[in-house]
Amino acid sequence: MLKLINHPLITHKLSLIRRKETGTRDFRQNINEIAGLMAYEITRDLPLREVVIDTPLSSCITSELSGEIILVPVLRAGLGMVDGITSLITTARVGHIGLVRDHETLVPTEYYAKFPSDISGAVVMVLDPMLATGGSASAAIGAVKKRGAVTIRLVCIVGAPEGVTRVEKEHPDVDIYLAALDSHLNENGYIVPGLGDAGDRLFGTV
Ligand code: PRP
Ligand code: URA
């Protein structure tokens, strides 16, 4: 199911990263901040367990997160979302998957994968700012499923309808979270209006 996350702070920051004149420093900072704000919404339903703790004044019954969260950024651009989320969820473990899209065919190739042990019981959040044709996201989800992941959330910042349709078809069990659903893909497979090449803008490789 597609869930669009609407928040004035996210909308404002999104406008900033869409601007072509925004440089690497601001682009990076705002991608991270948007990811953190999205994570705040996406983790609303995480289970808690009751614990008894001692404050400086007395003992009390309170709650803490009971499950594990694993982040899986899709290299390169997904890396730009990790710090924004781990600053909120400090115990999250992080797996990595390297995928690169061929510029002509738009088909992704996997060049790296490293995951934490036993991800089957965790909430796995696959991170990539861009959901274009959906080929990379679908491959990344397939890779985490192969390692046993069951509860998977795809977290992208900007998506195209084509990518949403593909992931919904190939992984109907995965919730898709977007900050914006844009108009379409251009003839080169770029999201319009989008924000350009997220990896290049994050890492200054334009
Ligand atoms: C970009 C982006 C996604 C993918 C989206 O990565 O970060 O991973 O394209 O396109 P898709 O939905 O059509 O698969 P790219 O392959 O350019 O690699 P990079 O992050 O290393 O620049
Ligand atoms: N990858 C990007 O970085 N941007 C797009 O618009 C599409 C794929």
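Just above sits the structure.
Residues numbered from 1 in each chain as written. Chains lettered and ligands numbered in written order. Predicted model: local features only at pLDDT ≥ 70, side-chain atom pairs only at ≥ 80, totals over all residues. Heavy atoms only, no water.

*Asks:* What exactly am I supposed to notice about the packing of aromatic side chains here?
*Replies:* A ring pair, where both rings are aromatic, is described by two values, the distance of the centres and the angle of the planes. For the structure on display, the rule yields zero aromatic pairs. When the ring centre of Tyr190 is taken as reference, the NZ or CZ atom of Arg101 above it lies at 5.7 Å. (Phe/Tyr/Trp six-rings, centres within 6.5 Å; stacked < 30°, edge-to-face > 60°. Lys NZ or Arg CZ within 6 Å of the ring centre and 35° of its normal.)

*Asks:* In this structure, what is going on with the site of ligand 2? I would like to understand it.
*Replies:* Around ligand 2, a shell composed of Arg101, Met130, Ala132, Gly189, Tyr190, Ile191, Gly196, Asp197 and Ala198 is seen. Contacts to ligand 2 include Gly196, whose backbone N or O atom sits 2.8 Å from a nitrogen atom. Ala198 is positioned such that a nitrogen or oxygen atom in its backbone is 2.8 Å from an oxygen atom of ligand 2. The protein chains hide 89% of the 240 Å² of surface that ligand 2 would expose on its own. Applying the majority rule of atoms within 2 Å of the grid points places ligand 2 in the largest pocket. Within the shell around ligand 2, the residues separate by chemical class into five nonpolar, two polar and two charged. (Near = heavy atom within 4 Å. Polar contact = N/O pair within 3.5 Å; in protein donor to acceptor, adjacent residues only side chain to side chain. Areas by Shrake-Rupley, 256 points an atom, 1.4 Å probe, with all protein chains shown as cover. 1 Å grid on protein atoms, 1.4 Å probe; cavity = no way out; pocket = protein on both sides within 12 Å on 5 of 7 lines; lining within 4 Å. Sits in = over half its atoms within 2 Å of the grid points. Nonpolar A, V, L, I, M, F, W, Y, C, P; charged D, E, K, R; others polar.)

*Asks:* What's the story with the sheet that holds strand 9 (residues 130-131) in this structure? I'm lost.
*Replies:* Note: strands within a sheet are paired through backbone hydrogen bonds, in either parallel or antiparallel orientation. As summarised here, the arrangement of the three strands in space is 9-11-13, forming an open sheet in which the pairing is parallel. Of all strands in the sheet, those bounded by a partner on one side alone are strand 9 and strand 13 (180-181). Judged from the two bridges that link them, strand 9 and strand 11 (residues 158-159) form a sheet pairing that is parallel. If you follow Leu131 over to strand 11, its bridge partner there is Gly159. (Pairing = 2+ DSSP bridges. Helix = DSSP H or I, 4+ residues; strand = E, 2+ residues; numbered from the N terminus.)

*Asks:* Can you help me understand the layout of surface pockets in this one?
*Replies:* It is the rolling of a water-molecule-sized probe over the atoms that shows where space remains empty. In this structure, the largest pocket occupies an estimated 540 Å³ of space. Lining the largest pocket are 25 residues; nearest its centre among them are Arg101, Asp128, Met130, Ser136 and Asp197. For the lining of the largest pocket, the elements supplying multiple residues, two or more each, are strand 4 (69-75), strand 6 (96-101), strand 9, helix 4 (135-146) and helix 6 (198-203). Each residue belonging to the lining of the largest pocket can be placed in one class, and the counts come to 13 nonpolar, eight polar and four charged. (Points joined across faces, edges and corners; volume = space filled by probe spheres on them.)

*Asks:* Is there a simple way to explain the site of ligand 1 in this structure?
*Replies:* Near ligand 1 lie 14 residues; those nearest to it are Arg101, Asp128, Thr133, Gly134 and Ser136. At a separation of 2.7 Å, an oxygen atom of ligand 1 approaches a polar side-chain atom of Arg101. Notes on ligand 1: free accessible area 500 Å², of which the protein chains cover 92%. Among the secondary structure elements, those contributing two or more residues to the shell around ligand 1 are strand 6, strand 9 and helix 4. When residues in the shell around ligand 1 are grouped by element, the largest group, three residues, is from strand 6.

*Asks:* Is there a simple way to explain the nonpolar core in this structure?
*Replies:* Across soluble globular proteins, you tend to see nonpolar side chains buried next to one another. Formed by 37 residues in total, the largest nonpolar core has its most connected members in Met38, Met125 and Ile157. Where this core is concerned, the elements lending two or more residues are helix 1 (8-18), helix 2 (24-42), strand 4, helix 3 (82-86), strand 8 (123-127) and helix 6. In terms of residue count, helix 2 provides more of this core than any other element does, seven residues in total. If sequence neighbours within four positions are ignored, Met125 has contacts with Ala39, Ile42, Ile69, Ile70, Leu71, Val72, Ile85, Arg153 and Val155. With 25 residues, the next largest nonpolar core counts Ile70, Ala140, Val167 and Val174 among its residues. (Core = buried A, V, L, I, M, F, W, Y, C linked by side-chain atoms within 4.5 Å. Buried < 20%, exposed > 50% of the residue type's maximum accessible area, 1.4 Å probe, protein only. Contact = heavy atoms within 4.5 Å.)

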